Structure formats: C-alpha cells, structure tokens
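# Fold and contact review
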Amino acid sequence: MTDFLTDWGLTLVTFAPLLGALIMMTVPAGKTHTHRLVALFASLAALVVGALLLVDFNYGDAGILQYVVDRSWIDVINSRYILGIDGISLPLLALTLVVVPLCVVYSWDHIPHPGNPKAFLSLILILETGMIGTFVAQDLILFFVFFEVVLLPMFFMIGVWGGENRRYASIKFFLFTLFGSALMLLSFLALYFLSSDPITGDPLRTFDMRVLSDVAGAGILGVTQVWIFAGMFIGFGVKVPMFPFHTWLPDAHTEAPTVGSVILAAVLLKLGTYGFVRIAVPMLPEGAEVWMPWIGLLAVIGIIYGALGCLAQTDMKRLIAFSSVAHMGFVMLGVATLTDFGVNAAIFGMVAHGIITGMLFFLAGSVKERYHTLEIKRLGGLLVQAPRMGWLLGFVSMASLGLPGLAGFWGEFPAILSAYSPADGLPVGVFRVYMVVAAVGTVLAAGYLLWLLQRTAMGSPKPEFADNDEIVDVTPTEWIAWLPLLIGIVLFGVMPGLIFRVTDPAVLTVLTEFLG
Amino acid sequence: MSELSASWYLAVSAALFAIGFTGLLVRRNPLIMFMCIELMLNAVNVAFVAFGAGLNDVGGQVAVFFVLVVAATEVVIGLALVVALSRFKTGATADDVSLLKG
Amino acid sequence: MIDLLAFARPPIDWHAAAPELTLLACGALLTLVDIVWLERAKAVSATLASFSLLAAMVPVVTLAVDGTDRAMFGGAYTVDDFSLVMKAVFLLTAYVVVLLSTDYIAKGDFWESEYYQMLLSAVLGMLVMTSARDLVTIFIALELLSIPAYLMATWHKVDLRSNEAGLKYYLMGVFASAVLLYGMSLLYGVSGSTMLSDINATISNSQAEGLLAVVVLGLIFVVVGFGFKVSAFPFHMWAPDAYEGAPTPVTAFLSVASKAAGFVALLSLVFVGFWDRSDVYQPLLWLLSAASMTGGNLMALRQTNAVRMLAYSGVAQAGYMLAPLAVAGESSATADDALSSVVTYLAIYAAMNLGAFAVIIAVARRTSSAEIDSYKGLFRYAPVLTVAMTVFLMALAGIPPFGGWFAKFEIVLALLSPGTAWGVVLGGVVGLNSVIALYYYARIASYMWVEAPPDNVQSSSPIKVPASVSAALILTGLVTLAFGIVPQWVGHFTDVSLL
C-alpha cells in the first residue's frame, strides 16, 4: 500500500478530478443527478487519496520532498514529469482537496444561471486538477502547464455563469494572467539557459525545480537575476494579485458565480504566492534580495489600498474582493522579509485566507441568492431574518479581521511582527515602517468588516425585503458545505502549530541562502 | 563594333524587371497586369541566359526553359480566370473586384 | 557531333521517389477514371483521392523506417528526416482536407474529379518541395503546388467572391514568383550553380569578389518571394481576401499546406543555401517576423469574420515561425534548435488550424455564415462543436494543455538559446503578441459560450455534422490534445537537422 502511494499517490490525486470530468463528458447533459454524483465522487476520491498521503507523510522530514515521481515527459527540451510534496505544498494541497468537494456540495442545488450542471461541474473538476498539479509539480514546465490549465475553466466559469459584466471581467482576468505567465515563462527559460553547476561551471540545462533550488542561481550574475526575478514577479504578482496588478480581481470576483469566487479566493490566488516561495525566492536569491524591499512596499500599499477600497465599496462581494487584496498584502509582506518567521506566517496566511475568504464568499453567495442583490445599502437585518446566517457572517468577519484565537490571526500577526527584523541584507528601517503601516492596515480591516457587519447583519430588514419568503436561514446543503471550513477556522486558530509544524522545516530549506 | 559585356545584358534585364514591376503596381487592367508579369519573367530569362553565357555554364539556359514553360502555364490559368470573371462583368478591372475587404 | 547513345540516365533511387511516384500514378488514375466513367466517377473521386494520399504515406513510412539519407541528381533531390517529416505532414493535411471537402464539394455542384486532381497535384508539388535542394527544383515545386491552388480558390465559379479571391491570389502569387525568380537568377549569377550547397559555399566568401550587393539583393528577393507564399507581413494582403472568397476547405488547405510549403522552401534555402550569410538573412527575417506577428495580430483584432480573422492570425503565426530563423545562423546547435522548432510548429499548426476550419465548415452549415457574430450562443445548441472550437482557438493562442503551447515554447526556446540580445528581444515580442492574440481568440470563445444565440438561428435542434467532417474534427482534435499533453510525440519526429 505504501509503495503504491509513493509511486502513484500524487498522480492519482492530481488526475482523479480530471478523470471525473472525462466521465461526465460521456454522460448526457440531462442526467443532472449523475453529474452531481460523479463530480462529488471524483473530488472525494482525490480527497481520500490526499488524506492517505497526509497520514502517510513523514512529518519528521517535512523539509524534503516526499512521494517523488520522476518520469520522462518531453525529452527534447529536457523537461520531466516530476511530482513531489513537502511542508510548503502540503497545507495548500490539503486546502484545495477540501475546498473543491465543498464547492461541489454547495452547487448541489445552487447551479447559477444559465444552468447546465454538466459543464459547470466538469469545469470545477478540471480546475481542481490544474490547482493540485501546480502545487505538486516539481518541474518548471510541468508547473507552467498546470498553472495555465487553471486559466481556461476559470475564464468560462466567470464568462458563462457570471453576472452582468461577465464578458469584460472574464477577458480581463484571462489577459492579465496570460500576460503575467508569458513573462514568467521567459524567466523560466532564462533560468534554463543560464543556470550552471556551481562546482564544474557546466550549464545545467534542466527544468528540475529541485536542482534549480539547490544551485540557487549559481552562474547567474546578480544583475541578470534581478531581471529574471522581474519576469517572475510580474507573472506571480498578477496572480496574487499585488498592487498595481490587482485590478482584475475585484471585477472577476464581482462577476464570478459563488463557487467560482470561492475557488478563486481560496486557491487560485495562492498559486501566485506559492510561486514566489517555491520558485522565485530559492532559485534567484540575489534577485530576491534586490526586489524584496519593493515587494514589501507594494505589499503594504496593497494592504492600505485594499482596506480603503473596501470602505468605498457598495457591493458586498466587491468589498470582500478588496479585502483579499489587503490580506494577500500581508502574505506578501511575510514573504518579503525572507525570514523563517515571515515565510511561515505567509504560508499560514495563505491557508487562513483561503478558508476565511472562501467562507465569506459562500456567505455572500447565499445572501445574493436570498436577496438577489449584494448592494450593502439595500441589505440589513440579516440577524433578524436569518439569524444563523447572520451569526456566521459575524463569526467569519471576526476571523477575517484577525481576531486572536481564530485562524486569521496567525497569518497577519506574525507577518507584521516579522517585518521588525527582516533577513540580513534587507533594509531594517524600511521594513519597520512597513510594519507600522501594516499594523494600521489591521485597524482599517477591523473598520471595514465591522462596518459591513453593521450594515448587513444588524438593524432591521429593509421594507422591500421585510416579508420575503425567499429569505430562509442556512439550509442543510449549506451547512454541509460550510461546516468543514468553520471547523478549520477554529481549529487552526486554537492550534496554529498544526500548520507551522509542517511548514517550518520546508521553509528552512527554501531559505537556506538567507539564513546562512 | 565592340563586344557588349555581360553587365549590359544584366542592365537590360534589370530595366525590364523594373518596368514590369512598376506596371503591375500602377495598371489596373488584369490583361495589362499579366503582360507586366510576363515582362518580369522575361527579365529573369535574360538574366539567366546572360549569367549562363558569362559563366560558361549550361544551367542558366536550362533554367530558362523551365521558366518559359511555367510562364506559359501561368498565362493560361490567368486568362481562364479573366474569362470566368468577365462572365460577371465585361471589361472588368482589378478595382472592380472589391467585394472582399477588411 | 554529340553521341546521343553516350547519354546515361542519372541513377534514380526508386524507393526515395516512391511517395511522389505513387501520388503521380494515383492522380493519373483519378483522371482516367474521370474520363472513362464520366458522371459516375464523381461518387468515387473523394474516396480515391484519400486512398491515394494514404498510399503515398506507405513509402514515406518505409523510408523513415529505413532511416538512411538518400540523394539523387547530384544532391538536387534529397530524402532525409526533415523531408520525410514534412511529407507526412503534407499528406496527412491533405487527407484531412479531403475529409473536409467531401461533403462540401459534393453538395455545391462543383466539379468533383477535377477538384481532387488539382488537390493531388498541389500535394505532389509539396512533396517535391520537401526534397528540393536546388533553385530550379524549388521553383518547379512551387509552381506545381501554386497553379492548382489558384484554380481551387476559384472553384466556386458561380460566386463572384470566389472569382475575386482566385484572381487576387493568382496575381499576387505570380508576382511573387517573378520576384523570387529574379532573386534566384542573381544568386545563380554569383555562384554559377543552382545547387543550394554550392550557393552556400560561394556566397559565404563573395565579399572579396565585390559581389556582396548582388548577394544581398538576391537574398532579399528570394526571401520576399517566399514572404508572399507564407503570407508574412507586409506581403500578406492577398491572404484575407483569398481566404474569405475561396471555398472554405480550400481556404483550410491554403492556410495550412500552402503556407507550410513556403516554409519548407524557406527552411531549405536558409539552412542549406544561405546559412553562412547570417549577416544578411538574420536582420531581414527578424524584421519580417516581428512585423508579421505584430501586424497580423493587430489587424486580426478588428476582424468581424472568422475566416478573415484566421487569415490574419495566420499572418501572425507565420511571424512566430519565422522568428527562429532570425537567430539560426548563430551556431550549428542553434540552427538545429531553430529548424526543429519551426517543423514542430508546422506540424502542430496544421492540426489546430485544420480543426478550426473544420468547425467553421460545420457551423456554416447551420448559420450559412462565417461572421463572428453568428457564433453567438453556439454553446446552447452545439456544445460539442463549441468545445472543439475552444480547444482549437486556445491551441492557436498557445494555452496549455493544447498543442499550440509547445509549438510556441519551442520557438521561444530556440530564440533564447544563443543568448543574443536580438533573440531575447524577439522572444519578448513573441510573448507580448501571444497576449494580444489571446484577445481575439478569447473573444470568439466568449461569443460562443457567453452570448445568447441570435434570433434567426433555430437553436432547438443540434447541427448535423457530416461523417467526414466529424472524422476530421476527431482526428485534428485528438492530435491537438495529444501534442499538448505529450509533446514528446511530436518532438521526437521533428528533432531534425539540415546542416
């Protein structure tokens, strides 16, 4: 059994959802129930295999890659099919594996207009394969392919099942991310051609991420590293999204269907930050050192800008989208410090943001379904009309603003703290300013979330919705879909060590160049 | 009478080619345009023959035969196209056929 | 007195010439059947044509299995890995075109037997082109493939637009041949031979003889001549008109096979004939490539007709394929990379572009139009065709996991491999253009998926796709997917060398 897991586990986890999508394509569109079952089964199958991998994972050695598969793939360009997970991939993999089945469950009776569960659910499954593949790929080209596989399903999800402005939002999303990944690919190729063996000086000509991380940019001049890093910065930065590349995100989130927003917030944004931690920093340490103060600057601009943006929004989903920009700012600030502490906080922040913001988007979707609007000024009195949902909104908002004891806290607080003493070689004074600004950002976050809560949950219902039968409390399907996330928020809030214990050894490996 | 050197032949060839080239660009009657193309092809023939003679190589002359045959074929096809077109419109010029643009 | 008996026929390697001879024999047979059976020949001509193409595939495979390079007529006619791969691409492309044509030509009251005869002669020209390593042979091959193509573009005789397409294509094509020939005559004059290998040997040290200007002029004329054939910007103006007016299967053939034939000629010219004169051809091709990509994409943005859009996208794709040639002369390793990348691109481009045309043909059966607006809401009434079109469009845009990404990837890899500033900049241009191109491909995709169908289309019943078009769709779709997911399958075959 263990042998089988070692050899096939990751491949199975990655492609089980895709297999499900292929099966669904052979089933006629009319058989809605079969489609739901296949989709649920495929995503659960991936979850089960993933859970087995998690159980079998050697946590003592979380710093090194496990379940490594290394097969030939495209020999003509020296690219191989290499998969593997370590302590950085693992939490994100788990997050993806949990979120997708929940989305399938939520879609059980919530297929957005214009319907067609077959297409909708198979797109979710294809998305899942792309996301999992990105987290487990250990070859740059394989990583790139999975990274791009995600684009198309998301494009259609927004474009077909989205709101009024869906065409604009979907094409904007597509163009922004493709622009980023074109530059990212050029950077990958530059790495391929320029990396050389640190001892012999021979060109390596490999896309193997393990090797490239080990040599840590040997043979590439500092100036060149800065340029290559710039390409990756744009590629990953668009995806995160970092200020000033963030403008696609509010549009995409506002127009996307609920499940699309959840997946986008919970997992897709993490592909960018994961890329920074996994690829850009370890492979180009000198480039990273030059760029990090600037990344830190953009991160804190994102924190403040996102928060101020939230305060100016009239639409609940758009508000949550802007809060994502702010939260991802904290994550990037953690990465920018290049310290063990900061990067761990960043990875925790990714998971926490995934759970919390995913949950917020679920709630927003359910509110929209009941009120048919997300305009904050038309909402109100959720606590009166649907008390459980109102309390949930309050609880998740608290988690989102970083209340100690809930998951959000462990992403933000250590990230801010880590900026107090960034890695050697980074300007300490500058980062301390960032720290102060980011701290102000948390206050603003409290401000906009409480404001949101006050306007939507408190008070009495507006007359237009006062006697509306459609407004019911949380349904059983919703409970099933949400409960795991709510448990996660509490669990990781009380026991952050669950994640930190796994990530820390891997982060130490990634940061070898900076920790001396 | 002095011998004409190869470069004179080449100058003639270049001039013929230039005339054909210009004619093709400025004239709009398909028949005249064919004639201009013929002129260009014959300029090529002159050049091939002149080079072949200058280099004392038979390859140039051989090439000319191929060009002649192909030129004949092309004219046949071209005239067929003009005939087909003139069924729609007599005295058509290249400017008259302009349904397709963008 | 010349002793006629002393003339000895140059040795002919019958195995090497077998693909061409098979096609020639089958073409003759097709003509014969037409003459003897008259009307009854119509029914079998498509079948016969597709069998001819498959029959010609057999010797290509046996030659590939045999694996030795063969040369005839003093090297003017060569059979090597490069030519075999391209022969296979041409034969399979033509096979798909026959599949696309079968129903279209039969329904349209066209002249069926003659149509397939023309198609086979054009393919014969393409097969000759892959092996031609001599100026005159290249010229003959070019005419052999172009002249039938002029006629095929005009095949819809009763439609004025088809006539216009044919005439425009013809005038530009013949003009290009004349320019090309003039360049060839200059090169012949400088080198004293029409053999490409001799030309390379002489023009590489022609500086001393003061003939540089003639060499440069000859090279420019030849490259420009083929620039028309591959529809590179600014020599592309015939393409959109000819594509729109010609019958759609013919357009598919022109945009894939005819363009590829131009590239084959350019490749053998650059790698065998001019390789040592990289100082001349590299800047020229750099400009041509950058202009084609940018110009083609920018003009494709404002098209309202899917066929015209694909024509301009084809201009841009030609630009991508020209790009590696702009760095090919840096070293022999780079040259091999560049050649392999262009051949890979041609193979993948054939699959994805033919697929896109197959969908256009299928959809036009319902909407009778190739206007982009008529694709609105296609997903509602033809989901399979929509998915297929999306796959092909995204492959053309270079989005993984569909074939096109690997094609573009190899191009960029070849561009960056010598590490020169010119190569890196052109790589950046390729990247930027991929983003521009995505916009117009994604626009069609979002019309199909997002919009509601126009009122005049009855969207209740599914579109009936003829079996042959379905077969073409499945074939091209599978190849497009396979090449994207396991690029090694195509990469293995296209890893060729001409040096």
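Remember, predicted model here, so these are calculated numbers, not experimental data. (Residues numbered from 1 in each chain as written. Chains lettered and ligands numbered in written order. Predicted model: local features only at pLDDT ≥ 70, side-chain atom pairs only at ≥ 80, totals over all residues.)

### Points about the overall build of chain C
Within chain C one finds 19 helices and two strands. For chain C, whose C-alpha radius of gyration is 22 Å, the value lies close to the compact-globule estimate of 23 Å for 499 residues. In terms of its C-alpha atoms, chain C occupies a principal-axis envelope of roughly 75 × 60 × 40 Å. Of all 499 residues assigned to chain C, the portion counted as buried reaches 65%. Residue pairs in contact within chain C that sit at least 24 positions apart in sequence constitute 80% of those at least 6 positions apart. (Helix = DSSP H or I, 4+ residues; strand = E, 2+ residues; numbered from the N terminus. Rg over C-alpha atoms; globule rule 2.2 N^0.38 Å. Buried ≥ 20, exposed ≤ 12 C-beta atoms within 10 Å, placed from the backbone. Contact = placed C-beta atoms within 7 Å.)

### What about the overall build of chain A?
Scanning chain A from N- to C-terminus turns up 21 helices and two strands. Computed over the C-alpha atoms, the radius of gyration of chain A is 22 Å, within 12% of the 24 Å expected from 2.2 N^0.38 for a compact globule of 516 residues. Counting only C-alpha atoms, chain A reaches 80 × 55 × 40 Å along its principal axes. Per-residue burial over chain A gives 62% buried out of 516 residues. Put simply, 78% of the contacts in chain A that link residues at least 6 apart link residues at least 24 apart.

### Digging into the environment of Met 72 of chain C
Residues and elements named next belong to chain C. Relative to the helices and strands, Met 72 is located in strand β1 (residues 70-72). For Met 72, a count of 16 C-beta atoms within 10 Å gives the class partly exposed. Separated by 62 residues in the primary sequence, Met 72 and Pro 10 place their C-alpha atoms 8.2 Å from one another. In this view, Met 72 contacts Ile 12, Asp 13, Ala 16 and Tyr 77; residues no more than four positions away in its chain are not counted.

### Quick look at the domain arrangement of chain C
All names here are of chain C. Each assigned domain of chain C is listed here: domain 1 (11-276) and domain 2 (277-499). Contacts between the two partners involve 47 residues from domain 1, matched on the other side by 52 residues from domain 2. Mapped onto the side of domain 1 that touches domain 2, the elements with two or more residues apiece are α3 (81-107), α8 (212-229), α9 (238-245) and α10 (248-273). By residue number, the principal contributor to the side of domain 1 that touches domain 2 is α10, which donates 14 residues. Residues of the side of domain 1 that touches domain 2, tallied by class, amount to 32 nonpolar, ten polar and five charged. (Domains from an automatic or database assignment. Nonpolar A, V, L, I, M, F, W, Y, C, P; charged D, E, K, R; others polar.)

### Describing the interface of chain B and chain C
Listed by partner, the interface residues are 32 residues for chain B and 36 residues for chain C. Those elements that provide at least two residues to the side of chain B that touches chain C are α1 (6-26), α2 (30-55) and α3 (59-86) of chain B. Looking at which element gives the most residues to the side of chain B that touches chain C, the answer is α3 of chain B, with 13 residues.

### Some details on the interface of chain A and chain C
Many analyses report the size of an interface as the accessible area lost when the parts associate. The partner chain C presents 24 residues to the 27 residues of chain A that form the contact. Of all the secondary structure elements, the ones that give two or more residues to the side of chain A that touches chain C are β1 (66-74), α5 (140-149), α6 (151-161) and α7 (166-194) of chain A. Ranked by residue count, the leading element in the side of chain A that touches chain C is α7 of chain A, at 14 residues. Broken down by class, the residue content of the side of chain A that touches chain C amounts to 21 nonpolar, two polar and four charged.

### Section: α8 of chain C
All names here are of chain C. Look at α8: 26 Å from first C-alpha to last across 18 residues, which is about the 26 Å you get at 1.5 Å a residue. All buried positions along α8 are accounted for by Val 215, Gly 218, Leu 219, Phe 221, Val 222, Val 223, Gly 225, Phe 226, Gly 227, Phe 228 and Lys 229. Considering only its buried residues, α8 is in contact with α6 (160-191), α7 (196-203), α10 and α11 (278-301). Where α8 ends, the next residue or the one after it, Ser 231, has phi of about 50 degrees, a positive value. (Expected span 1.5 Å × (residues − 1).)

### A short note on the arrangement of the chains
Looking at the two pairs of chains with contacts, the pair that accumulates the most is chains B and C. In this structure chain A stays clear of chain B, and the shortest span between their C-alpha atoms is 24 Å.

### Overview of the packing of helix α10 (residues 248-255) of chain A against helix α13 (residues 316-336) of chain A
Residue and element names in this part refer to chain A. At a minimum axis separation of 8 Å, α10 and α13 run at an interaxial angle of 140 degrees. Our pair here, α10 against α13, has a crossing hand that is right-handed. Two secondary-structure elements touch here, α10 through Leu 249, Pro 250, His 253 and Thr 254 and α13 through Lys 317, Arg 318, Ala 321, Phe 322, Ser 324 and Val 325. Its residues assigned to classes, the contact of α10 with α13 shows five nonpolar, three polar and two charged. (Axes fitted to C-alpha atoms, helices over the stretch in contact; angles between N-to-C directions. Left-handed = near helix turned anticlockwise from the far one by under 90°.)

### What about unusual backbone geometry?
Here the residue pair Val 240 of chain A and Pro 241 of chain A is connected by a cis peptide bond, since its omega of -10 degrees sits within 30 degrees of zero. One can find Pro 241 of chain A in the loop between α9 (222-239) and α10. You will see that His 372 of chain A, though not glycine, has its phi angle at about 60 degrees, which is positive. Of note, His 372 of chain A is situated in the loop between α14 (340-371) and α15 (382-385). Look at His 372 of chain A and you get exposed, because 11 C-beta atoms sit within 10 Å. A positive phi is found at Ser 231 of chain C, a non-glycine position, where the angle reads about 50 degrees. Relative to the helices and strands, Ser 231 of chain C is located in the loop between α8 and α9.

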